[in-house]
Amino acid sequence: NSVLTNFGTLDPSVPAEQVTLANVYALNTLYFSSGGALWRMNTNWNSATNPCDAAAPWFGVTCDGTGGVSSLALPTNDAVGSIPSEIRALTALSE
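Since the model is a prediction, treat every value here as computed from it, not as a measurement.

Calculation rules
- Residues numbered from 1 in each chain as written.
- Predicted model: local features only at pLDDT ≥ 70, side-chain atom pairs only at ≥ 80, totals over all residues.
- Heavy atoms only, no water.
- Pairing = 2+ DSSP bridges.
- Helix = DSSP H or I, 4+ residues; strand = E, 2+ residues; numbered from the N terminus.
- Buried < 20%, exposed > 50% of the residue type's maximum accessible area, 1.4 Å probe, protein only.

Asks: Explain the pairing of strand E2 (residues 69–72) to me, please; I cannot follow it from the model alone.
Replies: Looking at chain direction, strand E1 (residues 61–63) and E2 are connected through three bridges and run antiparallel. Bridge pairing links valine 61 to leucine 72 in E2. The antiparallel hairpin formed by E1 and E2 contains five residues in its connecting segment, where glycine 67 sits at a positive phi of about 90°.

Asks: Before we go on, may I ask you to explain unusual backbone geometry in this structure?
Replies: It is generally the case that most residues other than glycine have a negative phi and that most peptide bonds are trans. Positive phi values are uncommon outside glycine, yet asparagine 44 reaches one of about 70°. Looking at the secondary structure, you find asparagine 44 in the loop between helix H2 (15–33) and E1. The exposure class assigned to asparagine 44 is partly exposed, which follows from its relative accessible area of 25%. Even without glycine at this site, threonine 76 takes up a positive phi of about 45°.

Keep in mind these values describe shape, not function.
Written as structure tokens, this is what we have:
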């Protein structure tokens, strides 16, 4: 997947970069497993941007102060399918 390839400069031994990699992996797995290409709003999903970057926020994603995804809000967005187990990588997710 080219999305994760674009994050090749991140160092998984750096805690903040671990969080970014986990966020991108989990959220893109959700995107693909729930028909994200057909969602009503999918701004910046399936992109090579950090989902917690305020300059390029992902639709429906809220992050905490440490860069972890704390909530997802995708109501009436035409998501279909099931929530993938990879969502567990979002350790800051509370709602």
